[in-house]
Amino acid sequence: MEPKTLEVLEFNKIKALIKKEVISNLAERKVEQLKPATDFETVVFQIDEVDEISQIYNQQRLPSLSGLTEIKPYIKRSQIGGTLNVQELNSIKQLIQVQNQFKTFYSQLVEEDEGINYPILDERMTRLPVLSALYQSIHQKCDQYDLYDNASHELQAIRSRISKTTQKVKAQLDRIVKSTGNQKKLSDTIVTVRNERNVIPVKAEYRQDFNGIVHDQSASGQTLYIEPSSVVELNNQISRYRSEEATERNRILAELTGEVAEHADACLVSEDIMGHLDFLIAKARYASQIKATKPSFTEHRSVYLPKAFHPLLDLETVVANTIEFEEDIQTVIITGPNTGGKTVTLKTLGLIILMAQSGLLIPTLDGSQLGVFENVFCDIGDEQSIEQSLSTFSSHMKTIVNILDHANARSLILFDELGAGTDPSEGAALAMSILDYVKDIGALVMASTHYPELKAYSYNRAGVMNASVEFDVDTLSPTYKLLMGVPGRSNAFEISKRLGLDLKIINHAKSMVGQDEQEINEMIASLERNAKRVDDQKIELDRLVREAQTLHDDLTDAYQKYQNFENRLMDEAKDKANQKVKAATQEADEILKDLRQMRDQKGAEVKEHELIDKKKQLDDQYEAKSIKQNVKKQKWDKIRAGDEVKVLSYGQKGEVLEVLDDTEAVVQMGIIKMKLPIEDLEKKEKAKTVQSKVVTRTNRSSVKMELDLRGYRYDEAMVELDQYLDQAVLSNYEEVYIIHGKGTGALQKGVQKHLKQHKNIADFRMGLPGEGGFGVTVAKIK
């Protein structure tokens, strides 16, 4: 792309806004290097990867990348034998920590939603190296500023000796400064440090009273910092210990640096991926701020931007316009009044294309479509140059000459006020000639103009479309709305009338205007009304088509999953059936074998009960059918509370306790109370009741509203859960509490996965703080 184009269209301002959103200097550098790509595959890949991150950013809370910074110089130094300091090692540790946090976040995201699909991000997460060992080595030996005392046994011993000796020195010096006889001889009763030696502040006139070494003096010379002779040897010991400490410290740092060098390539891969993720997240944050959307790209030249707006204008007041080059349109000419929005429209189109080809989501409604342009050229703004003695016209013409020299069929050209700055007739002719030339080249062109001659230009040439910016005659101000396919019309008479010009003057002026021109203005006014209506309808139609396509894709995907699930169930059923048949065959063989043995051993004297026992073993091979039956209702009497009914699906009698609505009733069948559909109940004549003695039963067992699975193994817990849910359904419970505890979370996930697939469970949720919190799942029964 031309550097001048990036400057004129203010692409650098977009980069500055994105730069504010980055965390690391790695991403900051990537933003600085950001520029539009021109290769189709690259452009599509860039927009896809930022769209993936934007989807996650808009739906999830991303982990922080705070602390992420460039480590490449440290890695290179470790490879050539240098020694890294604690701060540099901590930068590497921070990178590993940020990487691990993001990788864990992504793994949980994928685990929670099995249908999720982020192929580009998934490939990057797969490439992230495992650096946990290096992280632990640095973490266990380095704090924020220095090595831990226990980084090695030797370092711990040395620092212990330094601490003990220092305490001895301070104890001796404390006795000196706190001595009553020395109070007047000291500037202050404190022990301080000079040249890494413990000293006391002595007034200069009492120097002879203290034997020792003078290490420093105050600015006025009134105070001397003296190391008394009694602690010189102890301070010497401390110095020797500190030298040993430095040696051991350098050894540990060299050891850690060696580990870094061993993982150098992996660290650089991690830096590259995490820096790029920071860059993408910054793009996503900016896209969210301007409510940007993902464009689709086509191999052929295409521009369709529904309700596009300039991202650098005030988002609360900016007017959005649909900008479109129809399939057979190559040139769009915009006419209209000054300050009506023509220049903003040109800049909006150019900037959006630069953003899209730089991998940025664009400020339009969903459904935008673009081709990929090799270059965007623009002649926008007054570039009059005093230094070069160029007029406005000459300056524009110099820019246009450069554009015509470099443009081709894959270019987009933006002309603002084409041909302006010279004689109107010559300017209009020159403008039409330039438009003809770039049309022959094959470039897409959008040009703004004041010349009325260019309104008729599109009607004389194929592939050219008029457009205009709307002007509100009532308020005498532009609306900044773009009307595609409609040329601008003159509003001079209407404006004059609104401003109070005498009607006689206006009518006389109209009489001097040809009838053809008046008819053209009326036609343009009609076109304006139709264009606005069609534009709104097209956007709505595009939305409906996208929704229909999304619904179609979802249904296709769901149907495919259903077919796969059905095939899997059939295969499983066949396998189970085959296993049953095989087992039954083996059992029958065993029974026949026993019968033969009985016949051989007892001859014909095989007793009847023995044959019955063997027959029962064969009968036991049959699977029991469900107690529910498929019986059609014969009678359609109205069901009321207290009625005796037959429950058709179970073939049992019951009594209606309560009619919930026109579709359901609560029925008591023996000790079982169930909620059943009305269509499953058939009214019976109520039998006469015979008084009988009531026997009260005590200690009858009941189903609790909670199930405690803590301590169960996974398989045992699922069996127990199934049995409990069946009992809860028969007990007509609406909600039950499954206690699984917190632990590792495995049992919790298993329970919730099982509930999600259970036919009698309508919904479930985590327990409230008063219900047990994350250790309890509350299930709602259908």
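Numbers given for residues are sequential positions, taken from 1 along each chain in its written order. Local features in this predicted model are restricted to residues whose pLDDT is 70 or higher, and side-chain atom pairs enter the listing and the counts only when it is 80 or higher, whereas totals over whole chains, interfaces and linings include all residues. Just so you know, side-chain values use all the structure's heavy atoms and leave hydrogens and water out.

1. Comments concerning the overall build of the protein chain
Argument step 1. In terms of helices and strands, the protein chain carries 21 helices and 23 strands.
Argument step 2. We call a residue buried when its accessible area falls under 20% of the maximum for its residue type, exposed when it is over 50%, and partly exposed in between, using a 1.4 Å probe and counting protein chains only. When burial is assessed residue by residue, the protein chain has 39% of its 782 residues classed as buried.
Argument step 3. Within the protein chain, residue pairs in contact and separated by at least 24 positions form 65% of the contacts whose partners lie at least 6 positions apart.
Argument step 4. Carbon and sulfur atoms provide 49% of the accessible area of the protein chain, an area that totals close to 45,500 Å². Segments assigned H or I by DSSP are reported as helices when at least four residues long, segments assigned E as strands when at least two residues long, and all are numbered from the N terminus. Only heavy atoms matter for contacts: two residues are in contact if any of them lie within 4.5 Å across the pair. Throughout, the Shrake-Rupley method with a 1.4 Å probe supplies accessible areas, and for residues the shown protein chains are the sole cover considered.

2. With respect to empty space enclosed by the protein
Argument step 1. For cavity detection a 1 Å grid was placed over the protein atoms alone, and a set of points counts as a cavity when a 1.4 Å probe fits there but cannot get out; an open set counts as a pocket when protein lies on both sides within 12 Å along at least five of seven lines, with lining residues being those that have an atom within 4 Å of a point. Grid points are joined across faces, edges and corners, and a volume is the space filled by probe spheres set on the points. According to the stated counting rule, one finds one cavity of 30 Å³ or more in the structure shown.
Argument step 2. Put simply, the largest cavity is a space of about 40 Å³.
Argument step 3. Lining the largest cavity are Asp379, Phe393, His396, Met397, Ile400, Asp416, Glu417, Leu418, Gly419 and Ala420.
Argument step 4. Counting residues per element, the lining of the largest cavity draws most heavily on helix 13 (residues 392-406), at four residues.
Argument step 5. Gly is put with the polar residues, along with every residue not named as nonpolar or charged; the nonpolar set is Ala, Val, Leu, Ile, Met, Phe, Trp, Tyr, Cys and Pro, and the charged set is Asp, Glu, Lys and Arg. Looking at the lining of the largest cavity, its residues break down into five nonpolar, two polar and three charged.

3. Side note on the packing of aromatic side chains
Argument step 1. Aromatic rings from Phe, Tyr and Trp, with only the six-membered ring used for Trp, were paired whenever their centres fell within 6.5 Å, and each pair was classed as stacked if the ring planes differed by under 30 degrees, edge-to-face if by over 60, and tilted otherwise. Tallied over the full model, the rule gives one aromatic pair.
Argument step 2. Two conditions define a charge sitting above a ring: the NZ of Lys or the CZ of Arg must be within 6 Å of the ring centre, and it must be within 35 degrees of the ring normal. In this arrangement the basic side chain of Arg194 is found over the ring face of Tyr225, its NZ or CZ atom lying 4.1 Å from the centre.

4. Digging into unusual backbone geometry
Argument step 1. You will see that Glu10, though not glycine, has its phi angle at about 65°, which is positive.
Argument step 2. For Glu10, the position within the fold is in the loop between helix 1 (3-8) and helix 2 (11-19).
Argument step 3. For Glu10, a relative accessible area of 21% puts it in the partly exposed group.
Argument step 4. Positive phi, close to 55°, is recorded for Asn195, a residue that is not glycine.
Argument step 5. Considering the arrangement of structural elements, one finds Asn195 in the loop between strand 1 (192-194) and strand 2 (197-203).

5. Some words on the sheet that holds strand 4 (residues 223-228)
Argument step 1. At least two DSSP bridges between two strands are required for those strands to pair. What the four strands build is an open sheet, ordered 1-2-4-3; its pairing is antiparallel. Only two strands of the sheet have a single neighbouring strand rather than two, namely strand 1 and strand 3 (212-217). When the angles between neighbouring strand axes are averaged without regard to direction, this sheet yields 50°.
Argument step 2. Bridge count between strand 3 and strand 4: five bridges; the pairing is antiparallel. By the bridge assignment for strand 4, Gly212 is matched with Pro228.
Argument step 3. Where helices are involved, their axes are fitted lines through C-alpha atoms of the stretch in contact, as for all axes, and angles between N-to-C directions lie from 0 to 180°. Set on the sheet, helix 9 (residues 153-178) makes contact with strand 2 and strand 4; between it and strand 2 the angle comes to about 10°.
Argument step 4. Packed onto the sheet, helix 10 (residues 229-262) meets strand 2, strand 3 and strand 4 and runs at close to 75° relative to strand 4.

6. Some words on the side chain of Thr348
Argument step 1. Mapped onto the fold, Thr348 is located in helix 12 (residues 342-356).
Argument step 2. Here Thr348 falls in the buried class, since its relative accessible area comes to 4%.
Argument step 3. Among all residues touching Thr348, those that are not within four sequence positions of it are Ala308, Phe309, His310 and Ile323.

7. Points about the UniProt feature "binding site: ATP" (unreviewed entry) in the protein chain
Argument step 1. UniProt positions are given in the numbering used here, feature names are shortened, and annotations may be inferred rather than shown by experiment. Under the UniProt annotation, the feature "binding site: ATP" (unreviewed entry) is placed at Gly336, Pro337, Asn338, Thr339, Gly340, Gly341, Lys342 and Thr343.
Argument step 2. Inspection of the secondary structure assignment puts Gly341 in the loop between strand 8 (331-335) and helix 12.
Argument step 3. A relative accessible area of 4% places Lys342 in the buried class.

8. Some words on the nonpolar core
Across soluble globular proteins, you tend to see nonpolar side chains buried next to one another.
Argument step 1. Definition used in this section: a nonpolar core is a set of buried Ala, Val, Leu, Ile, Met, Phe, Trp, Tyr and Cys residues joined via side-chain atoms within 4.5 Å. Counting residues in each nonpolar core, the largest one holds 100 residues, and the members touching the most others are Ile92 and Leu349.
Argument step 2. Setting aside chain neighbours within four positions, we find Leu349 in contact with Val303, Leu305, Ile323, Phe325, Leu412, Leu414 and Met446.
Argument step 3. The next biggest cluster of nonpolar side chains, apart from the first, holds 21 residues, and it includes Phe377, Ile403, Ala443 and Val445.

9. Quick word on the environment of Lys185
Argument step 1. Mapped onto the elements of the fold, Lys185 is located in the loop between helix 9 and strand 1.
Argument step 2. Residues Lys185 and Pro201, 16 residues apart in the sequence, show an inter-C-alpha distance of 9.0 Å.
Argument step 3. Look past the residues within four positions of Lys185 in its chain and what remains in contact with it is Val202, Lys203, Tyr206, Asp209 and Phe210.

10. Details of the sheet that holds strand 23 (residues 776-781)
Argument step 1. Taking strand neighbours across the sheet as the criterion, the four strands line up as 20-21-23-22 in an open arrangement whose pairing is mixed. At either margin of the open sheet sits one strand with a lone partner, and together these are strand 20 (706-708) and strand 22 (761-766). Put simply, the sheet's adjacent strands are angled 20° from each other on average, direction ignored.
Argument step 2. In this sheet, strand 21 (residues 735-739) lies alongside strand 20 in parallel orientation, the contact comprising three bridges. Counted as the bridge partner of Glu706 is Tyr737 from strand 21.

11. Thoughts on the packing of helix 4 (residues 40-59) against helix 11 (residues 264-289)
Argument step 1. Packing of helix 4 against helix 11 leaves a shortest axis separation of 9 Å and a crossing angle of 65°. Between helix 4 and helix 11, the crossing angle belongs to the class labelled roughly perpendicular. The element helix 4 and its partner helix 11 pack so that their crossing is right-handed. Facing helix 4, whose interface residues are Glu49, Val50, Ile53, Ser54, Tyr57 and Asn58, helix 11 presents His276, Leu277, Leu280, Ile281, Lys283, Ala284, Arg285 and Ser288.
Argument step 2. Looking at the contact of helix 4 with helix 11 residue by residue, the classes come out as seven nonpolar, four polar and three charged. Should an angle fall under 35 degrees it is called roughly parallel, over 145 degrees roughly antiparallel, and 65 to 115 degrees roughly perpendicular, with every other angle called oblique. In this scheme the crossing of two helices becomes right-handed for a clockwise turn of the near helix relative to the far one and left-handed for an anticlockwise turn of less than a right angle.

12. Looking at helix 4
Argument step 1. One less than the number of residues in a helix, times 1.5 Å, gives the span that helix is expected to have. Helix length check: helix 4 (20 residues) gives 29 Å between terminal C-alpha atoms against 28 Å at 1.5 Å per residue, within 8%.
Argument step 2. All of the buried residues along helix 4 are Val43, Gln46, Ile47, Glu49, Val50, Asp51, Glu52, Ile53, Ser54 and Ile56.
Argument step 3. Contacts made by the buried residues of helix 4 are with helix 6 (86-112), helix 7 (119-127), helix 11, strand 5 (296-298) and helix 12.

13. A short note on the packing of helix 6 against helix 10
Argument step 1. Interhelical geometry of helix 6 versus helix 10 gives an angle of 30° and a closest axis separation of 11 Å. With respect to helix 10, the axis of helix 6 lies roughly parallel. For helix 6 against helix 10, the interelement crossing comes out left-handed. Contacts between helix 6 and helix 10 involve Val86, Leu89 and Ile92 from the former and Arg249, Leu253, Leu256 and Val260 from the latter.
Argument step 2. A breakdown of the residues in the contact of helix 6 with helix 10 according to their chemical character gives six nonpolar, no polar and one charged.

14. Some thoughts on the pairing of strand 7 (residues 321-325)
Argument step 1. Among the five residues that make up strand 7, five are buried, leaving the element largely enclosed by the rest of the structure.
Argument step 2. Every second residue of strand 7 is oriented toward a common face, with Asn321, Ile323 and Phe325 on one face and Thr322 and Glu324 on the other, all of them buried.

15. Concerning the pattern of salt bridges
Argument step 1. We define a salt bridge as a side-chain nitrogen of Lys or Arg found within 4 Å of a carboxyl oxygen belonging to Asp or Glu. Summed over the entire model, instances satisfying the criterion amount to 28 salt bridges.
Argument step 2. For Asp149, the salt bridge is made with Arg159, and the minimal N-O distance between the two is 2.7 Å. Here Asp149, found in the loop between helix 8 (132-141) and helix 9, pairs with Arg159, found in helix 9; they are ten residues apart in sequence, far enough to count as distant.
Argument step 3. With relative accessibility at 13%, the residue Arg159 sits in the buried group.
Argument step 4. Note that Asp708 is salt-bridged to Arg710, the shortest N-O span being 2.8 Å.
Argument step 5. The exposure class assigned to Asp708 is partly exposed, which follows from its relative accessible area of 34%.

16. Brief notes about the confidence of the model for the protein chain
Argument step 1. Averaged over the protein chain, the pLDDT score is 82; the fraction of residues at 70 or greater is 84%.
Argument step 2. This model gives residues 383-389 a pLDDT under 50, and the stretch forms ten contacts once residues within four places in sequence are excluded. pLDDT is a residue-level measure of predictor confidence that goes from 0 to 100.

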